[in-house]
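Fold and geometry: a report
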Amino acid sequence: MVAKLPKTTTFFSSNQNMQSPQTVDNNKNNERKDENNNTENEVACKGPLNEIQEVESLESAMHNNELDSNFESSKRMFQNQYRYYSVKYFQKVMNNGEKCDRKWLMFSTGCVFCYVCKLFSTDYDNVFVKSGFYKWKKAKQTIFGHENSKEHIQCMIKGIEFIKQNTHVDEYMVSQIKREFNYWSAILNRIVAVIHFLAERGLAFRGHNEVIGSSNNGNYLGMLELLTQFDPVLKQHIDTFANKGKGNVNCLSKTICEELIEIMSQKVLTHIITEIKKAKYWGIIVDSTPYISHMAQLSVLFRYYLNGHVYERFFCFLQIKSHDSKSLITDILDLLERYNIDITNCRGQAYDNVSNMSGKYSGLQARLKERSQLAFYIPCAGHSLSLVGQCSVTKCINSINYFGVLQSLYSFFIASTNRWDLLKGNHATLKRLSDTRWSSRSDAFISLVENFDGVHAALCHIAKDTEEKSDIRHEVLCLLNKITKLEFAFMALL
């Protein structure tokens, strides 16, 4: 708006007495007589034209110059004589004799402008807006006609409302920034709530695409779409910004989602570190966890006591290059140093029974204990029990045969959907074995004992089916022969 105003050289304040300019034309005295004679014919300035007198900010902002300014630049030739702009035009005499300042009138570069029309008018061809008025012979009539025009009155009203509302450019920009801030804060609050919900439950975020409206866009965008049915703010945002492509800010892309996940994870990590330092003493639990991309990494957990509660917090996945104890202790010490966690406050360590972890002289637990003498090693009880069970089974041939038959039965039925349906049709089921969980072996043989009749019936049906391949029928007969032996029944009852 300010850029539209020409450079102002003279403007007159209502608080000073009116004076004549230093240079006047030969018709000045006649014009003054005409002014006095026609005072009674002028129409009073009413409505918003009077209200502007009450606006102190307008008065102080626009009336900055002295009354004795020189109007030499207004010199114009009319009918072989020079005419000049007169200071009297900055005032208007009312019907009752009172004088009203024309604060909207502005002298600049030898012409007069209406600054309110220059700011708010849409009539850009108006001489008081475009190039300025300078025909001083008809100055009185033209200025009087302009100030009583409908366009000027509307612009005055807009100017008064603009000033009374304190809507200056800087305040308007601040207000606009606040609106933008509040809008994007509301959108981000909803997005963060969805991310927190999915992350807390370990659910997948992304799908096959990132298209709003697609049924394959994943849980993240799907939940946002669901919320639009009940949230008009989010609905308006998605309707406006969805599927706009790169270069358009919408906070819905996978990049923003991953950044928010990273920020939230750092916040959780900082909270855990704060609790560990507040608790002072802590224990560490480490186990190797192969990643889906075949990268070696450690799962690191901390266990500590704070405010009457024992906490066991997952801390991070630590990528490693080697499984030997020397490399592992280096990685763990680097991790503790990175987060400024004092190793001397470690009071416990727990790993599985693998030699590189539990070795008495060169295992990870021994190397860690060299740094903290009170870091007592406690082997994993579950892993120890599983090792005892597995070692016990390997010492008994009958046990090896028994569990081998269980795994063969499960593998035979799970290899074909038709066989599995036949097994379920006989109200039977089987469970597979696990190499690391001894409890799975217990579940497997309990399932066979409880469903033995159904399993036997399913095998007999397949053995008698002449449409089956001969090698399948042979495999079934071998399984039937094994499960009907006395030794098998005896092992099952144990």
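The structure under discussion appears in the preceding block.
Here goes a summary of the coordinates provided. None of the values given here were measured: they were computed from a predicted structure.

Points about the layout of surface pockets
Space inside the largest pocket adds up to approximately 820 Å³. What lines the largest pocket is a set of 25 residues, among which Ile-261, Met-264, Ser-265, Val-268 and Phe-314 lie closest to the centre. Put simply, the parts of the chain that give the lining of the largest pocket at least two residues each are α7 (169–200), α10 (254–279), β9 (309–319) and α11 (325–338). Grouping the constituent residues of the lining of the largest pocket by class yields 17 nonpolar, five polar and three charged.

Concerning unusual backbone geometry
Here Lys-280, not a glycine, exhibits a phi torsion of approximately 75 degrees, which is positive. Along the chain, Lys-280 falls in the loop between α10 and β7 (282–288). Positioned with a positive phi, Asn-340 is a non-glycine residue whose angle comes to about 55 degrees. Structurally, Asn-340 can be placed in the loop between α11 and β10 (346–350).

Observations concerning the packing of aromatic side chains
Aromatic ring pairs are reported here in terms of the distance separating the ring centres and the angle at which the planes meet. Applying the stated rule across the entire model yields 15 aromatic pairs. Here Tyr-351 and Tyr-377 contribute two aromatic rings whose centre-to-centre distance is 5.8 Å and whose plane-to-plane angle is 25 degrees, an arrangement assigned as stacked. Pair noted here: Tyr-351 is in the loop between β10 and α12 (355–358) and Tyr-377 is in strand β11 (residues 376–377), with a separation of 26 residues, a long-range link. Chaining the aromatic ring pairs together yields one cluster made of Trp-282, Phe-302, Phe-315 and Tyr-339. It is Arg-419 that lies over the ring of Phe-412; its NZ or CZ is 4.5 Å from the centre.

Describing the pattern of salt bridges
Here the structure, examined in full by the defined rule, presents ten salt bridges. Residue Asp-231 pairs with Arg-190 through a salt bridge whose shortest N-O separation is 2.3 Å. Within this pair, whereas Asp-231 is found in the loop between α8 (218–227) and α9 (232–241), its partner Arg-190 is found in helix α7, the two being separated by 41 residues in sequence. In this structure, Arg-201 and Glu-200 form a salt bridge, with 3.1 Å as the shortest nitrogen-oxygen distance.

Overview of empty space enclosed by the protein
Scanning the model with the defined rule gives four cavities of 30 Å³ or more in all. When its volume is computed, the second largest cavity comes out at roughly 50 Å³. Lining the second largest cavity, in full, are Arg-206, Asn-209, Glu-210, Asn-217, Tyr-220, Leu-221, Leu-252, Ser-253, Lys-254 and Cys-257. Those elements that provide at least two residues to the lining of the second largest cavity are α8 and α10. Partitioned by chemical class, the residues of the lining of the second largest cavity number four nonpolar, three polar and three charged.

A short note on the packing of helix α18 (residues 452–464) against helix α19 (residues 470–483)
Running from N to C, α18 and α19 cross one another at 145 degrees; their axes reach a closest spacing of 9 Å. The chirality of how α18 crosses α19 is left-handed. Between α18 and α19, the contacting residues are Phe-452, His-456, Leu-459, Cys-460, Ile-462 and Ala-463 on the first element and Ile-472, Arg-473, Val-476, Leu-477, Leu-479, Leu-480 and Ile-483 on the second.

Some remarks on the nonpolar core
Among the nonpolar cores identified, the biggest contains 30 residues, and Trp-282, Ile-284, Val-300, Phe-302, Tyr-304 and Phe-315 are the most heavily contacted of them. Every element with two or more residues in this core is listed here: α10, β7, β8 (297–306), β9, α11 and α13 (364–371). By size, the runner-up hydrophobic cluster in this structure holds 29 residues, among which are Leu-409, Leu-430, Ala-463 and Ile-483.

Cut-off values and rules
Residues numbered from 1 in each chain as written. Predicted model: local features only at pLDDT ≥ 70, side-chain atom pairs only at ≥ 80, totals over all residues. Heavy atoms only, no water. 1 Å grid on protein atoms, 1.4 Å probe; cavity = no way out; pocket = protein on both sides within 12 Å on 5 of 7 lines; lining within 4 Å. Points joined across faces, edges and corners; volume = space filled by probe spheres on them. Helix = DSSP H or I, 4+ residues; strand = E, 2+ residues; numbered from the N terminus. Nonpolar A, V, L, I, M, F, W, Y, C, P; charged D, E, K, R; others polar. Phe/Tyr/Trp six-rings, centres within 6.5 Å; stacked < 30°, edge-to-face > 60°. Lys NZ or Arg CZ within 6 Å of the ring centre and 35° of its normal. Salt bridge = Lys/Arg side-chain N within 4 Å of Asp/Glu carboxyl O. Axes fitted to C-alpha atoms, helices over the stretch in contact; angles between N-to-C directions. Left-handed = near helix turned anticlockwise from the far one by under 90°. Contact = heavy atoms within 4.5 Å. Core = buried A, V, L, I, M, F, W, Y, C linked by side-chain atoms within 4.5 Å. Buried < 20%, exposed > 50% of the residue type's maximum accessible area, 1.4 Å probe, protein only.

Read these as layout, nothing more, since geometry by itself doesn't imply function.
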